[in-house]
Amino acid sequence: MACTYVLVCQNEDCKQRGSGELLDKLTDKLKSSADVEVKPYMCFGGCQAGPNIVLYPQRVWYAGVKREDVEDIAAHAEGGAPVERLTHGIEDSLKDLIYQLLDAGLF
Amino acid sequence: MILFPQGRPTHRETFGEYCAAGGYQAVTKNILDEIIASGLTGRGGAGFPVGRKWSVAAETDADARYIICNAGEDEPGSFKDRVLLEYRPHLVLEGIILAARAIAAERAYVYLNETYDECFSRMTTAIDDAKAAGYLRGITVTVHPAPTVYVAGEDSAAIEVLEGKPPKPRQKPPYPAAAGLFGKPTVVNNVETLANVPPIVRNGATWFRRFGTPEYPGTMIFCLGEEMRDPGAYELPFGTTLRQLYENVGGGLKDHQQLKAILPGGPSCAFLTADQLDISLDPESLNQAGSSLGCGVMRFYPEGTCMVDETLRIAQFFARESCGQCPACRMETEMLSTILERIRQGKGDAALFNQFQKIIDFNRGKGYCALINMPGPPIMSALRLFGEEFEFHLQHGGHGSCE
C-alpha cells in the first residue's frame with residue numbers, strides 16, 4: 001500500500017510544458033519504492049504556473065517543475081527534504097481547495 | 001402568433017408568399033425606437049434587451065458596424081433556429097436587414113451551424129431573391145459556417161471564427177456591441193431574436209406587447225424532444241404555464257409515463273420536479289424557482305430515469321465542450337465530472353458531496369465566458385432534489401433507489 005502519492009498534472013498546459021516526460025521519469029525513478037506511487041492527475045487549476053506536481057499526503061505543491069528537478073522531487077517522495085525552490089507561485093486558496101479534494105479521495 | 005402563423009412550423013414559405021403577406025415593405029418608422037419600445041429581449045439564452053444592445057452599437061463612433069445573425073445553434077436539443085431558417089428564411093433575413101439599417105451597418109453575416117445544409121440553401125436563395133428585388137440596398141449579407149462545438153455559439157467566439165480564428169470566447173469587456181468584429185461595433189443576435197424584428201416594425205411595439213407578459217412581451221419557441229408524445233418546435237407567449245406546454249401542447253410523455261423531472265432551459269439550468277408544472281414560462285418566474293428559461297429547450301424525464309446518470313452526462317458535456325483556454329474552467333469541469341463519475345461507480349466517501357459547492361464557488365466568474373458557471377445549477381439542483389439517488393450510488397456502486 002502506497003503512503004506517498006506523487007500526483008503529476010496531465011492537463012493541456014502542463015503537458016505542453018513537458019509534464020508527460022516528468023510523469024515518465026518520476027514513475028521510472030520511483031518504481032522500486034514500495035511506499036510511493038506516481039499517478040497522473042486531471043488538473044490542479046494552476047495552469048499558468050505548470051507543470052504542477054503535488055505530493056500527498058505531505059501537501060507539498062511543486063510548480064514550474066523541469067526535468068532537472070526530478071531527482072530532488074523523487075528524493076523528497078522517498079523521505080528526503082522538500083524542494084523549497086519549487087514551492088512558490090500558487091495562491092493559497094487554490095492549494096486549500098485542491099488539498100480538500102485530495103482529502104475527499106479525489107485522486 | 002408572431003413567428004409562425006399557426007404557432008409551429010407548417011409551411012416552407014417562399015419569397016413571393018413572404019412579400020404578398022406584407023414582407024419587405026418600406027419602413028417609415030424609426031426602427032431602433034420601435035425595438036426599444038417593444039421590450040424585445042434576446043432569445044438565444046441570455047435575454048439581454050435588444051434595444052440596449054443596438055443602441056450601444058449605433059452610438060459607438062466607428063467607420064464600420066456589423067450584424068451577425070447567430071445560427072451557430074449547438075445546444076443539445078435545440079432546433080428552433082434551424083426550423084426558423086428552413087420555414088421562414090425571409091422573416092429572418094428581413095430582421096437582419098432592419099437591424100443593419102437601425103445601427104447603420106453595411107455588412108451582415110449569417111453565422112450558420114455547419115451541418116445545417118438545408119438552412120444554407122434556403123438562406124442563400126433568400127439572399128439572392130431579396131437582392132434581385134432590390135431589398136438589400138447597400139447591405140451585403142453572406143452565410144458563414146459555424147463549427148459544431150458548443151462555445152462556437154458564444155457571441156465573441158462567433159466573432160473569432162468570422163475573423164478566421166478558432167472558436168474561443170474573448171475576455172469581456174469590451175462587449176461586441178462596442179468593439180466586436182475587426183474591433184468595430186457588432187450586434188450579435190440569435191435567429192429567433194431577429195425574426196421578431198420585422199413583425200414589430202410592421203405592426204408596432206404596442207401590437208407586440210399584446211403577447212406575453214408586461215415584463216416579458218412576445219413569444220418564445222420551445223423545443224420538445226423525442227421523449228414527448230408530440231415532439232417539435234412550438235411558439236407560445238411568455239406567461240404560458242409549463243403544464244400547458246407539457247400536457248396540452250406536447251401531449252405528455254410517451255406511453256403515459258409519469259413525469260419525474262424537468263430541465264426547462266437546456267443543460268445549464270437547474271432541474272425542476274413534476275410538482276412545479278404550474279410555473280409560468282417567463283425568465284423571471286423560472287429564476288424565482290431557482291432555474292432558468294435559457295433558449296427554450298425543454299427536457300422532461302420520466303419516472304425511472306437515473307438522475308445520477310443524467311447529471312453525469314451534463315457534467316461530461318461541459319467538460320468536453322470547455323474550450324480549454326481558461327484554466328479555472330478546465331479544472332472545474334473536469335473535477336465536477338470526475339467526482340460524479342466516482343459517485344456513480346461507488347468509489348469514494350461521503351466527503352465528495354461537500355466538494356461540488358467548493359469547486360463551483362472557487363471558480364465562479366473566473367472564465368472568459370459563461371460556460372464556467374453552467375455546470376453548477378444542474379448539479380447542485382440534482383443533489384438537492386434527488387440526493388438519495390446519489391447516496392445510493394456512492395454506497396452501492398449502482399442503481400437502486402433510482403430504478
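The model shown is predicted, which means the values in this text are computed figures rather than measured ones.

Rules used throughout
Residues numbered from 1 in each chain as written. Chains lettered and ligands numbered in written order. Predicted model: local features only at pLDDT ≥ 70, side-chain atom pairs only at ≥ 80, totals over all residues. Helix = DSSP H or I, 4+ residues; strand = E, 2+ residues; numbered from the N terminus. Buried ≥ 20, exposed ≤ 12 C-beta atoms within 10 Å, placed from the backbone. Rg over C-alpha atoms; globule rule 2.2 N^0.38 Å. Contact = placed C-beta atoms within 7 Å. Pairing = 2+ DSSP bridges. Axes fitted to C-alpha atoms, helices over the stretch in contact; angles between N-to-C directions. Domains from an automatic or database assignment. Nonpolar A, V, L, I, M, F, W, Y, C, P; charged D, E, K, R; others polar. Core = buried A, V, L, I, M, F, W, Y, C linked by C-beta atoms within 7 Å.

### Some details on the overall build of chain A
When helices and strands are counted, chain A shows four helices and four strands. Put simply, chain A runs from its N terminus to its C terminus through helices and strands in the order β-α-α-β-β-β-α-α. With respect to the three principal axes, the spread of C-alpha positions in chain A is 35 × 30 × 25 Å. Across the 107 residues that make up chain A, the buried fraction comes to 36%.

### A closer look at the overall build of chain B
Summing up its helical and strand segments, chain B has 17 helices and nine strands in all. On C-alpha atoms alone, chain B measures out to a radius of gyration of 22 Å, which is about the 22 Å that the 2.2 N^0.38 rule sets for 403 residues. In terms of principal-axis extent, the alpha carbons of chain B reach across some 70 × 45 × 35 Å. Taken over 403 residues, chain B has a buried fraction of 52%. Within chain B, contacts between residues at least 6 apart in sequence are counted, and of these 72% link residues at least 24 apart.

### Here's the deal with the sheet that holds strand 2 (residues 107-113) of chain B
All names here are of chain B. Overall, parallel pairing links the four strands, which are arranged 3-2-1-4 in an open sheet. Of all the strands in the sheet, the pair left with one neighbour each is strand 3 (140-146) and strand 4 (186-190). Recorded for the sheet is a direction-independent mean angle of 20° between the axes of neighbouring strands. Inspection of the sheet shows strand 1 (residues 66-71) paired to strand 4 by five bridges, in the parallel sense.

### With respect to unusual backbone geometry
Note the cis peptide between Tyr-56 of chain A and Pro-57 of chain A, where omega equals 10°. Within the fold, Pro-57 of chain A resides in the loop between strand 3 (53-56) and strand 4 (60-62). With an omega dihedral of -10°, the bond running from Lys-172 of chain B to Pro-173 of chain B counts as a cis peptide bond. Mapping Pro-173 of chain B onto the fold places it in the loop between helix 7 (155-162) and strand 4. Phi angles above zero are rare outside glycine, and Phe-182 of chain B is one such case at about 50°. The topology assignment puts Phe-182 of chain B in the loop between helix 7 and strand 4.

### Observations regarding the domain arrangement of chain B
Residue and element names in this part refer to chain B. One can read the domain layout of chain B as domain 1 (15-208), domain 2 (220-302) and domain 3 (307-396). One C-alpha centre belongs to domain 2, the other to domain 3, and the line joining them spans 23 Å. Opposite the 11 residues of domain 2 that make contact, domain 3 presents 10 residues. Each residue belonging to the side of domain 2 that touches domain 3 can be placed in one class, and the counts come to seven nonpolar, four polar and no charged.

### Considering the nonpolar core
Counting residues in each nonpolar core, the largest one holds 154 residues, and the members touching the most others are Cys-69, Ile-96 and Ala-99 of chain B. At 10 residues, helix 5 (residues 89-103) of chain B tops the list of elements feeding residues into this core.

### With respect to the interface of chain B and chain A
Note on interface size: it is often stated as the accessible area lost on association of the parts. Contact with chain B, which involves 17 residues of that partner, is made by 17 residues of chain A. When contributions to the side of chain B that touches chain A are tallied by element, the ones reaching two or more residues are helix 14 (327-345) and helix 15 (355-363) of chain B. It is helix 14 of chain B that contributes the most residues to the side of chain B that touches chain A, eight residues altogether. Among the residues forming the side of chain B that touches chain A, the class breakdown is nine nonpolar, four polar and four charged.

### Details of the environment of Phe-392 of chain B
Mapped onto the elements of the fold, Phe-392 of chain B is located in helix 17 (residues 387-396). As for Phe-392 of chain B and Ile-343 of chain B, which are separated by 49 residues in sequence, their C-alpha atoms are 9.0 Å apart.

### Observations concerning the sheet that holds strand 6 (residues 232-237) of chain B
Residues and elements named next belong to chain B. Here five strands make up an open sheet; going across it, the order is 6-5-9-7-8 and the pairing mixed. Looking at which strands have only one partner, the edges of the open sheet turn out to be strand 6 and strand 8 (272-273). The pairing of strand 5 (residues 219-224) with strand 9 (residues 297-302) spans two bridges and is parallel. Within the sheet, the bridge partner assigned to Leu-224 lies in strand 9 and is Met-298.

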